[in-house]
Amino acid sequence: MDYILSVATLAGINMIAVLGLSVFTGFTGLFSLGHAAFIAVGAYTSAVLTYYYYVPFALALVAGSAMAGAVSLVIGIPTLRAKLRSDYFAIAILGFGEALRVLLENLTITNGARGLPGIDSFTTPFTVLFCLAVSVVLVSNFLRSRWGAACIAIREDPIAAEMAGVRLFRTRLLSLMVSAVFCGLSGGLMAHYLSFIQPVMFTLTQSTQLLAAVIAGGMGSISGPLIASFAFIALPEALRVAQMWRLVAYGLLLVLIMVYRPQGLMGYREITSLFGKRRDDGRRER
Amino acid sequence: MFLQTLITGLSIGGIYALMAVGYSLVFSVLNFSNFAHGAVIMLGAYVGLALATKLSLGFGLVLAGSVAGAGIIAVLNERLAYSVLRRRKAPSLYLMISAMGCSVFLENLVYATIGSRFYAFPEFFGRQVLTLWGSSVSLLDMGAFLFALVSIFALHVFISSTRTGIAIRAGVSDMTMCSLMGVDLNRLIAIVFLLAGGFAGVAGVFLGIKYLVYPTMGWVTNKAYIAAVIGGLGSLPGALAGGLILGVVETFVSSYVSSVLRDVFSFSLLIAFLVLRPNGLMGQDTEEKV
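Residues numbered from 1 in each chain as written. Chains lettered and ligands numbered in written order. Predicted model: local features only at pLDDT ≥ 70, side-chain atom pairs only at ≥ 80, totals over all residues.

### Notes on the overall build of chain B
Here is step 1 of the chain: Per the secondary structure count, chain B includes 11 helices and 2 strands.
Here is step 2 of the chain: Order of helices (α) and strands (β) in chain B, N terminus to C terminus: α-α-α-α-β-β-α-α-α-α-α-α-α.
Here is step 3 of the chain: Its C-alpha atoms give chain B a radius of gyration of 19 Å, near enough to 19 Å, the size a compact globule of 290 residues would have.
Here is step 4 of the chain: In terms of overall dimensions, chain B has a C-alpha envelope of 60 × 45 × 35 Å along the principal axes.
Here is step 5 of the chain: Sorting the 290 residues of chain B into buried and exposed places 51% on the buried side.
Here is step 6 of the chain: Partitioning the intrachain contacts of chain B with sequence separation of at least 6 by distance along the chain shows that 77% fall at a separation of at least 24. (Helix = DSSP H or I, 4+ residues; strand = E, 2+ residues; numbered from the N terminus. Rg over C-alpha atoms; globule rule 2.2 N^0.38 Å. Buried ≥ 20, exposed ≤ 12 C-beta atoms within 10 Å, placed from the backbone. Contact = placed C-beta atoms within 7 Å.)

### Observations regarding the overall build of chain A
Here is step 1 of the chain: In terms of helices and strands, chain A carries 11 helices and 2 strands.
Here is step 2 of the chain: When its helices and strands are written in sequence order, chain A yields α-α-α-α-β-α-α-α-α-β-α-α-α.
Here is step 3 of the chain: Taken against the 2.2 N^0.38 rule, which gives 19 Å for 286 residues, the C-alpha radius of gyration of chain A at 18 Å falls within 12% of a compact globule.
Here is step 4 of the chain: The principal-axis extent of the C-alpha atoms belonging to chain A is close to 50 × 45 × 35 Å.

### Some thoughts on the interface of chain B and chain A
Here is step 1 of the chain: Counting from both sides, the interface comprises 36 residues of chain B and, opposite them, 34 residues of chain A.
Here is step 2 of the chain: Among the elements of the structure, helix 3 (59-87), helix 4 (92-113), helix 9 (221-231) and helix 11 (262-276) of chain B are those that each provide at least two residues to the side of chain B that touches chain A.
Here is step 3 of the chain: Counting residues per element, the side of chain B that touches chain A draws most heavily on helix 4 of chain B, at 15 residues.
Here is step 4 of the chain: Taken together, the residues that form the side of chain B that touches chain A break down as 26 nonpolar, 8 polar and 2 charged. (Nonpolar A, V, L, I, M, F, W, Y, C, P; charged D, E, K, R; others polar.)

### A closer look at helix 1 (residues 2-27) of chain A
Residues and elements named next belong to chain A.
Here is step 1 of the chain: Helix length check: helix 1 (26 residues) gives 36 Å between terminal C-alpha atoms against 38 Å at 1.5 Å per residue, within 8%.
Here is step 2 of the chain: Along helix 1, the helix axis deviates most sharply at Leu21, where the bend reaches about 35°.
Here is step 3 of the chain: Of the residues flanking the end of helix 1, it is Gly29, one or two places downstream, whose phi is positive at about 80°. (Expected span 1.5 Å × (residues − 1). Bend = angle between axes of the 7 residues up to and from the residue.)

### Side note on unusual backbone geometry
Residues and elements named next belong to chain A.
Here is step 1 of the chain: Residues other than glycine seldom take positive phi values, yet Tyr54 does so here, at roughly 55°.
Here is step 2 of the chain: On the basis of neighbour counts, which here come to 9 C-beta atoms within 10 Å, the residue Tyr54 falls in the exposed class.
Here is step 3 of the chain: In the Ramachandran plot, Ser195 falls in the positive-phi region, its phi being about 60° despite a non-glycine side chain.
Here is step 4 of the chain: By the secondary structure assignment, Ser195 is in the loop between helix 8 (168-194) and strand 2 (196-197).

### Digging into helix 9 of chain B
Here is step 1 of the chain: With respect to burial, helix 9 of chain B is a largely interior element, 11 of its 11 residues being buried.
Here is step 2 of the chain: Within helix 9 of chain B, the full set of buried residues consists of B:Thr221, B:Asn222, B:Lys223, B:Ala224, B:Tyr225, B:Ile226, B:Ala227, B:Ala228, B:Val229, B:Ile230 and B:Gly231.
Here is step 3 of the chain: Close packing links the buried residues of helix 9 of chain B with helix 4 (86-106) of chain A together with helix 1 (2-30), helix 2 (37-53), helix 10 (236-257) and helix 11 of chain B.

### Some words on the packing of helix 1 of chain A against helix 9 (residues 204-217) of chain A
Residue and element names in this part refer to chain A.
Here is step 1 of the chain: Running from N to C, helix 1 and helix 9 cross one another at 65°; their axes reach a closest spacing of 9 Å. When the axes of helix 1 and helix 9 are compared, the pair comes out roughly perpendicular. Where helix 1 crosses over helix 9, the handedness of that crossing is right-handed. For the pair formed by helix 1 and helix 9, the contact residues are Ala17, Val18, Leu21, Ser22, Thr25 and Gly26 on the first element and Leu210, Leu211, Ala213 and Val214 on the second.
Here is step 2 of the chain: When grouped by side-chain class, the residues that make up the contact of helix 1 with helix 9 number 7 nonpolar, 3 polar and no charged. (Axes fitted to C-alpha atoms, helices over the stretch in contact; angles between N-to-C directions. Parallel < 35°, antiparallel > 145°, perpendicular 65-115°, else oblique. Left-handed = near helix turned anticlockwise from the far one by under 90°.)

### Considerations on the confidence of the model for chain A
Residues and elements named next belong to chain A.
Here is step 1 of the chain: Taken over all residues, the pLDDT of chain A has a mean of 85, while the share at 70 or more is 93%.
Here is step 2 of the chain: Across chain A, helix 8 holds the top mean pLDDT of 94, while helix 11 (residues 243-260) sits lowest at 81.
Here is step 3 of the chain: Overall, residues 277-286 carries pLDDT values under 50, and its contacts beyond four positions in sequence, including any with other chains, amount to 7 contacts. (pLDDT = per-residue confidence, 0-100.)

### Focus: the environment of B:Ser266
Residues and elements named next belong to chain B.
Here is step 1 of the chain: Looking at where Ser266 falls in the secondary structure, it is placed in helix 11.
Here is step 2 of the chain: Here Ser266 falls in the buried class, since 21 other C-beta atoms lie within 10 Å of it.
Here is step 3 of the chain: Sequence-distant contacts of Ser266, defined by excluding residues within four places in its chain, comprise Lys223, Ile226, Leu246 and Glu250.

### Focus on the confidence of the model for chain B
In low-pLDDT segments, the atomic positions of the prediction should not be examined closely.
Residue and element names in this part refer to chain B.
Here is step 1 of the chain: Looking at chain B, the pLDDT average stands at 84 and 94% of residues meet or exceed 70.
Here is step 2 of the chain: Across chain B, the secondary-structure element scoring lowest on mean pLDDT is strand 1 (residues 129-132), at 71, and the one scoring highest is helix 2, at 91.
Here is step 3 of the chain: Across the interface, the model reports ipTM at 0.80; the global pTM reads 0.84.

### Re the environment of A:Thr45
Residue and element names in this part refer to chain A.
Here is step 1 of the chain: The residue Thr45 is located in helix 2 (residues 36-52) in this model.
Here is step 2 of the chain: Of the residues examined, Thr45 has 24 C-beta atoms within 10 Å and is grouped as buried.
Here is step 3 of the chain: A sequence separation of 139 residues divides Thr45 from Gly184, and the C-alpha atoms of the two residues are 8.8 Å apart.

Rendered as structure tokens:
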């Protein structure tokens, strides 16, 4: 039972990060290979706060999320202002993630590449469930707001959106920041659940896993990526597959999805639309 | 010291340039970032390693075998993972995700089957050292640099003066028009991937000899992306120049400033270039068109 609970908790922590990335990749249409960096920022900020300064856990989580949001501006402002092509942006953010990891490996406060051991394990399954629920509510409200509508417009056609008066730079930056904040929250929860963090946990591989969940779940759905990320964590655990075969499957899955079902598991739909009443929501039409 | 750093930088830069050329070639024709290029380089290195250790072939044959192997792998990769998307005229984002998937798949497949052990090539060049103007330079470094120069020049001649080369350049400027003029696009793209894979094979062998062979060695391709961006994506002379510049600058940063900050520096350089000069030193205008 404990084992199942711990797998579910880890899946829940991962789902919060996937939720964040889905705002940016799924709803704004920008591809990121560096979101693990924001998880790292959240994890390290909150862990350092509780570890060295005895800041209350809740406050440390908030600070971690805020820090991740702030760090996203560092990369977001120059690259999004320059209106890079989507693949240039992906490479730029990949570079940013790698550079940040090298920094973490060489700072004294992060204890370098050896990582921070013995962080208090404040995160309980209940905390994760609570944070996940709050995140889902916040993200779906954000997407239903004017800003969310602007994000979706940009995903569909940046040029048409700009002509209709959407400010590309601001909206994209906001979307990046929102996604980074949730990744930061996920990082904070992770640090205080595993009670040990190390820079090597936040590599390109993790960014790819997040991205795989968003793409497999459907770019433009909240529930799809959540289901996919849960399945990605839970299935290999249930089947007892070694980590490397899991990654082999992720890679193959990405290719197969792009070739056969680029809209992903849920496409633009939500899980709720499968049960009875379709909500009269213009943004779901397509 | 200065000259030695310069030559080490040029030799690393030569390998970056070899990687960047293949990446840039695919980018210029299909207009997407082929993230699987690093995996092809890694597989090329493994092919070379197998030929060198199992069959104990000489350097020339190892290089040729690795070029052929990596070329075939690149063509297969295109056929299986990109050709459907290409025909459907899918957005380049989809091709890029598919490429990312290939890279993750191939890398971990090697990890799961061959294992994460580090392998070393047999010493082809020994530790021979040349003495140039009072500083010693390893023969391998010189060889890598010269080979990169010669092969990239040969590719340049091929693309600018043969019939196939002209077809490739036509494809770069307008794919649809090119196929209307009677060029077989599938064959053309297969040739492009064969060339890109061939260069990946060379890069893989040199990387393997200079360092070691292991499943994640393809990650160095990040540097090739940077080199390609500095030189201007889609430009062959640009890829060469970008690779050499990056190699030299990196080596100087790591020997005079700090070896830890080398990668941070390279990635900052990448971001600076993307923001200030997204077309690189020699690239054409690549703004996404309406």
